[in-house]
Amino acid sequence: MGVISVVKIDADQGAEDGLEELVALARMIAYARQVAQDVKLPFATNCLDLALEAVKQEVGEGLTRELAELSSPVPQVSVRSH
């Protein structure tokens, strides 16, 4: 039983690390989007909006307060294949 417990803890830590990395990625995209908007690059702004929404969708249920403030005007759409 001890081995199973250790594996589960490691898996939980890996999921938490992955979530933290996605939140960091979302922050970087949001910053780049703001810079693109400031220098009036509408195509880049739109592309970064889409990237930000894709990362937020990937986080899914793990959406945190930090990501809630990184909003963009892009409507929620599914980017998963059917």
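This next bit is on the overall build of the chain. A count of helices and strands for the chain gives 3 helices and 0 strands. Counted from the first residue to the last, the chain has its helices and strands arranged as α-α-α. Across the 82 residues in the chain, those meeting the buried criterion constitute 21%. Put simply, the chain shows about 6,200 Å² of open surface, and 62% of that area lies on carbon and sulfur atoms.

Residue-level pLDDT values for the chain average 75, and 55% of them are 70 or greater. Taking the mean pLDDT of every element in the chain, the minimum, 61, falls on helix α3 (residues 65–68) and the maximum, 93, on helix α2 (residues 42–59). A low-confidence stretch, residues 1–9 (pLDDT under 50), is modelled with 0 contacts involving residues beyond four sequence positions or located in other chains.

Right, let's get into a negative patch on the surface. A cluster of acidic residues, E16, D17, E20 and E21, forms a negative patch on the protein surface. Note on placement: E21 falls in helix α1 (residues 2–38).

Applying the stated criterion across every chain, the model contains 2 salt bridges. E53 is the salt-bridge partner of K56, the closest N and O atoms lying 3.5 Å from each other. Of this pair, K56 and E53 both sit in helix α2, 3 residues apart, which is roughly one turn of the helix. On the basis of relative accessibility, which here comes to 13%, the residue K56 falls in the buried class. The class of E53 is buried, set by a relative accessible area of 8%.

Conventions we followed
Residues numbered from 1 in each chain as written. Predicted model: local features only at pLDDT ≥ 70, side-chain atom pairs only at ≥ 80, totals over all residues. Heavy atoms only, no water. Helix = DSSP H or I, 4+ residues; strand = E, 2+ residues; numbered from the N terminus. Buried < 20%, exposed > 50% of the residue type's maximum accessible area, 1.4 Å probe, protein only. Areas by Shrake-Rupley, 256 points an atom, 1.4 Å probe, with all protein chains shown as cover. pLDDT = per-residue confidence, 0-100. Contact = heavy atoms within 4.5 Å. Patch = residues over 30% accessible without salt bridge, like charges linked within 9 Å, V, L, I, M, F, W, Y side chains within 5 Å. Salt bridge = Lys/Arg side-chain N within 4 Å of Asp/Glu carboxyl O. Lys, Arg positive; Asp, Glu negative; His and termini not counted. Charge placed at Lys NZ, Arg CZ, Asp CG, Glu CD.

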